[in-house]
Amino acid sequence: MAEAVISPWLGTSGRIDSAVGTEGTMAQQQKRQNRPKQSQDPYAQRGKQLVSAVQRLRGWVGSDPTRTPELADALVAVTRHRLLGHAYTVAAPEAQEAVKLAAQLLTANGPIGPYTSVNDAARYVTAVVHLAVIQAAAGMAEAAAESIGSLTELREQLSDLPLTEELPAETVSWALWCQARGALTAGDVARANRYADAAVARLNESGLRADSECAYLTIDVDRAYSDARWAAGLVEDSLAHLQAAKGTFDDVADGRLQQPGRLAPALAQRLGEPLFGLCRDLADRLLDTGEIDLGLATRRQLVENLRGLASRDETVRVQLARSLADLAQDLRAQGRTEEAELVDEELADIPTSDRTAAATLAGSVIARGTQPPSWQPLDAFAGFATTTTDRVENAVAVEEELRRDAAAWLAAERTQAQQSEQDRSAQARTEAEQREAERREKARVEAEQGEADRRRQARMAAERAETERREAERLAAAAVAERQESKRRREERIEAHRLEQERLEAERIAAEREEQERREAARRAADPAELERLELERLEAELAELERAEAERAELERAEAEQAEARRVESAQAELKRTTEQQAAEEETARLEFERLEEQRRAVERADSERAKAEAWQAQRREEERLEAERAEAARLEAARREAQEVRREAQRVERERLEAERAGAKQADAERAGDAGRADAASADAEAHPASAQVAESSPAEPEAAHRSAEVEETEDELSAAQRIWQDARGRGDRKAARAANERVVELLRPRAEQDLATHGPRLLHALEELSSARLRGGDLWGSRAPAKEAKALAKTLGRR
């Protein structure tokens, strides 16, 4: 199909087909045999063939510059093929190279004018349109429209040539689509509708709508038409074309998204690329127009398809999180809280990083118009018109058929969607009631268990308090008994000491009495006066003894009174201690109850902490897995780049050997010509008749150096393409740090290329510098954002944009 579309203006299409159609080597056949069986993907097979053709032609051009047009045609063909599959990131390097090479060929034979080759002009216009499509897909719709507008002067200069007739239909549709997108982004609704009308008309009249290879182009044009009509307030037309785009996508998918595990990774990614934006816009607009059930059904279908693809692609997981959030919001807006809670539960299972990225995922920013503007159709020049009456009638018929199909689809799907949503609502209510009953039962069981635990702990605390009280009483009784025993022993010792003292005192008194009697007897025998004196002393001694005995009796009575008072005090102290111990037991019971409640609170806090730690660990593990996957992907890309370099070096080595062989043959021929003058004259005449061959032979020593430079440029192109892809992936994931690093790398790679070719690489460098300044400013690096902003301002002045 690619040859059929491009062949009207590709002068060397036959040679491309021969290069593309050659069979692979035995090693490639062996790899295909060892590969696991998967469903056939003609798109991927065709892409491999086109890429292989480009690689061959690059090697051939190094030795034969006359084949440069073939290389330019092959680059345009591979870019077209990738754009038809929405492989914008992969198509960017070849698209830029195709524009550069086509521009060189356009001016290779002199200034642009009536004698310019129509094939060269058509090739250049197509390459520029392809680059504009990539700009529009990257979010630079106004820049894409400017790129298309830059072709106006060229088309006016070549007005005498049948340039429009030579342009493929998809190239014209893409050009009009870029203009419509740019006008809509700029807020010019009337102009956007003019270009959208022209794009749809060209699509219908050319028959591309029935071409399965151009299905994604049909989807893009119908979506642009729907967006323009929606902005103009023409709801019916907008929904008709948006439903037509959805139908085209369903035909392409052909039910294969129901079993994504059976699809090759590249095929699954290509089928899922337009899914999110298309179905989300359709659901939003159906809900906005009051088609609640149909809008919710469309949203649910989108969630189902994304759920099957989420395990393969991180971007799809972010889109799934955004779709689930939209579905929950729509259900709450309709008062269906039970269903929204179910969706929220599924959304909560998605990693936090994906939910955060989904919150920043931009949706449709096209507001529904209230006052439809008026516009006039584009003139023939602006609309790339090559229409005939039959084609116009065919386009009108196709448009009417789209309207009828949309009305029939709404009528057929409305009842089914309404019944499906009613069943879902009833099922959600039943499930909500069951969950509520289970929740209440679980709460009841937990309450009963908690009450039982509380009672058990209270009983155990009371038993511990009673045991402690009894032990305290036992210890107190033992202490009292010990004190009484000590007191008894002390009293016995005191009594024994007293008796011993009394015995000793009695013995002393008896001895003194005997001594006194002896002295008295002696005194009586000696002197009567002395006897009287002794008698008086005896009486005084007896009186003193009586007083001492009276004092001892009083002391004993006082000691007994003190002991009685001590026993009364001890009894009062024991009672006070018993009261104090009882109060302490009550306080201990209260303390144990407080400790039990405090322990329960700490257990809840520990459980929450453990759960938070587990969630943090899970998030860290997922982040590590994501980083490991990114590192593996980077390693794979590096290995592929090195393999490509090895292939190019091998091709250069073979080419050098061939050139050396040719030079050796030329030297041998020169030696033969030196020996034969006649043959030398003939060779000289032949050289004059074929100057191109002589020029090739003379330039051959410089060819290895040129091939080396070409390899260096190609290596830089691969590194720049990889850096741009990493930048776009990081921006899609919402990873600002990685996006900023990749952005800085793209700026570093673009600066030397912009110095060599400002017209081609200047706008890309300007955009990268503006994005880098904005990224640093958002990161809080105010001073760091000034340098790229200043450089971008100077570059914009150089490009004439300010």
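Rules used in this analysis
- Residues numbered from 1 in each chain as written.
- Predicted model: local features only at pLDDT ≥ 70, side-chain atom pairs only at ≥ 80, totals over all residues.
- Heavy atoms only, no water.
- Helix = DSSP H or I, 4+ residues; strand = E, 2+ residues; numbered from the N terminus.
- Buried < 20%, exposed > 50% of the residue type's maximum accessible area, 1.4 Å probe, protein only.
- Contact = heavy atoms within 4.5 Å.
- Salt bridge = Lys/Arg side-chain N within 4 Å of Asp/Glu carboxyl O.
- Phe/Tyr/Trp six-rings, centres within 6.5 Å; stacked < 30°, edge-to-face > 60°.
- Lys NZ or Arg CZ within 6 Å of the ring centre and 35° of its normal.
- Axes fitted to C-alpha atoms, helices over the stretch in contact; angles between N-to-C directions.
- Parallel < 35°, antiparallel > 145°, perpendicular 65-115°, else oblique.
- Left-handed = near helix turned anticlockwise from the far one by under 90°.

K.L.:
How do you make sense of the side chain of Arg626 when you look at a structure like this?
P.N.:
Position of Arg626 among the secondary structure elements: in helix H22 (residues 528-675). With relative accessibility at 15%, the residue Arg626 sits in the buried group. With sequence-adjacent residues up to four places away left out, Arg626 is seen in contact with Glu314, Arg733 and Asp735.

K.L.:
What should I look at first to understand the pattern of salt bridges in this one?
P.N.:
A side chain of one charge can pair with a side chain of the opposite charge if their charged atoms are brought near each other. Within this structure, the stated rule accounts for 75 salt bridges. Residue Arg299 pairs with Asp330 through a salt bridge whose shortest N-O separation is 2.8 Å. Taken together, the residues Arg299 in helix H17 (residues 292-309) and Asp330 in helix H18 (residues 314-333) connect sequence positions 31 residues apart. The pair Arg299 / Asp330 is uniform in exposure class, with both members buried.

K.L.:
Where do I start with unusual backbone geometry in this structure?
P.N.:
Peptide bonds are, in most cases, trans, and in most cases residues other than glycine have a negative phi. The backbone of His86 sits at a positive phi, close to 60°, despite the residue not being glycine. With respect to the element layout, His86 can be found in the loop between helix H5 (68-84) and helix H6 (88-106).

K.L.:
Got a minute to help me understand the environment of Trp783 in this structure?
P.N.:
Along the chain, Trp783 turns up in helix H28 (residues 782-799). In the structure, Trp783 is positioned ten residues away from Ser773 in sequence and 9.8 Å away in space, judged by C-alpha atoms.

K.L.:
Before we go on, may I ask you to explain the packing of aromatic side chains in this structure?
P.N.:
Any aromatic ring pair is given by two values, namely how distant the centres are and how the planes are angled relative to each other. Scanning the model with the defined rule gives zero aromatic pairs in all. Just above the ring of Phe381 sits the side chain of Arg155; from NZ or CZ to the centre is 4.0 Å. The ring of Phe384 has Arg155 sitting right over it, with the charged end atom 3.7 Å from the ring centre.

K.L.:
In this structure, what is going on with the packing of helix H13 (residues 215-231) against helix H14 (residues 235-253)? I would like to understand it.
P.N.:
In a packed pair of helices, the relevant descriptors are the angle between the two axes and the axis-to-axis distance. Packing of H13 against H14 leaves a shortest axis separation of 8 Å and a crossing angle of 160°. With respect to each other, H13 and H14 are oriented roughly antiparallel. H14 is crossed by H13, and the crossing has left-handed handedness. Here Ala215, Tyr216, Thr218, Ile219, Asp222, Arg223, Tyr225, Ser226, Arg229 and Trp230 of H13 come into contact with H14, specifically with Val235, Asp237, Ser238, His241, Leu242, Ala244, Ala245, Thr248, Phe249 and Val252.

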